[in-house]
Amino acid sequence: MNEPQPDQGAIRAEVLQLISRKDQIEVEMRELAAILSQQNGVGMHEPLVDAEGFPKNSIDTYQVRHARHQIICLQNDHKALMKQIERGLQGYYSASSSDCGMDTQPIRPAARQEFPSFTVAFARVTDVTQDSPADLAGIQAGDQVVEFGSVNSMNFKAITDIATVVQHSEGTQISLKLKRNERFITISLVPKKWAGRGLLGCNIVTI
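A quick note: this is a predicted structure, and the numbers were derived from the prediction, not measured.

Oppositely charged side chains can pair when the atoms bearing their charge come close. Within this structure, the stated rule accounts for six salt bridges. Of the charged contacts in the structure, one is a salt bridge between Arg21 and Glu28, with a shortest N-O distance of 3.7 Å. On the basis of relative accessible area, Glu28 is assigned to the partly exposed category, the value being 25%. The partner of Lys22 in a salt bridge is Glu26, and the shortest N-O contact between them spans 3.3 Å. With Lys22 and Glu26 both in helix H1 (residues 8-38), this residue pair falls four residues apart, about one helical turn. Take Lys22: its relative accessible area is 4%, and that puts it in the buried class. In the salt-bridge network here, residues are joined through shared partners; they are Lys22, Asp23 and Glu26.

Before going further, it helps to spend a moment on the side chain of Gln75. Of note, Gln75 is situated in helix H2 (residues 61-100). Looking at Gln75, its side chain comes within polar contact range of the side chain of His168, at 3.2 Å. Residues within four places of Gln75 in sequence aside, it is in contact with Met29, Gln167 and His168.

With that settled, consider the side chain of Asn152. Mapped onto the fold, Asn152 is located in strand S3 (residues 151-152). Leaving out residues up to four positions away in the same chain, Asn152 has contacts with Phe118, Phe122, Val146 and Glu147.

Extensive coverage of strand S2 (residues 144-148) is indicated by the burial of four of its five residues. Pairing between strand S1 (residues 123-128) and S2: two bridges, direction antiparallel. Bridged to Arg124 within S2 is Gln144. Pairing of S2 with strand S4 (residues 174-180) involves four bridges; the strand directions are antiparallel. The residue bridging Glu147 from the neighbouring strand is Lys177, located in S4. Pairing analysis gives two bridges linking S2 to S3, with the strands arranged antiparallel. When the sheet's bridge partners are listed, Glu147 is paired in S3 with Asn152. Between the end of S2 and the start of S3, which pair antiparallel, lie two residues, with Gly149 showing a positive phi angle near 65 degrees.

Conventions used here
- Residues numbered from 1 in each chain as written.
- Predicted model: local features only at pLDDT ≥ 70, side-chain atom pairs only at ≥ 80, totals over all residues.
- Heavy atoms only, no water.
- Salt bridge = Lys/Arg side-chain N within 4 Å of Asp/Glu carboxyl O.
- Buried < 20%, exposed > 50% of the residue type's maximum accessible area, 1.4 Å probe, protein only.
- Helix = DSSP H or I, 4+ residues; strand = E, 2+ residues; numbered from the N terminus.
- Polar contact = N/O pair within 3.5 Å; in protein donor to acceptor, adjacent residues only side chain to side chain.
- Contact = heavy atoms within 4.5 Å.
- Pairing = 2+ DSSP bridges.

Structural data, given as structure tokens:
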């Protein structure tokens, strides 16, 4: 007897719900990062005491510790959601292939149209370092960024939005939609430490 085929509509709804939750987490992390920034630019690792071991009067120690704890928890949730989204998308495209009854290419425009389709670029890659994660993923200088994970032209505010996604997705696969010349391509990128600086090895600027 044939095994039941996965419900493509149910998978799509689940993935969209996961993406919505991921977007919400990224907003919360940006808000918490802003709280730290307001405390004299304290980040995640700067000491909260002076050279003599006393709490610094210039910062709210409790607020900083609370924000740091929340950010760590959200980072863990974000990584877990990214993995769930990736598995969900793989299941969605697998279901799409099963419905067609034939093998399809990794980029499936018909399937991707089921999700919000963005065509407006908001950033551009100016250079890519050889053998970097970006280079190995196939990113090229001149590529225009249409989607970077959950970031798109509708919610993009600053280049730090991309930095936030990268920072909280180390070791996790991110889906990118790029415009190269007059065609759109979709690639997978895994931010990670390498021989060079940063987690990507490319420079991205706002258009």
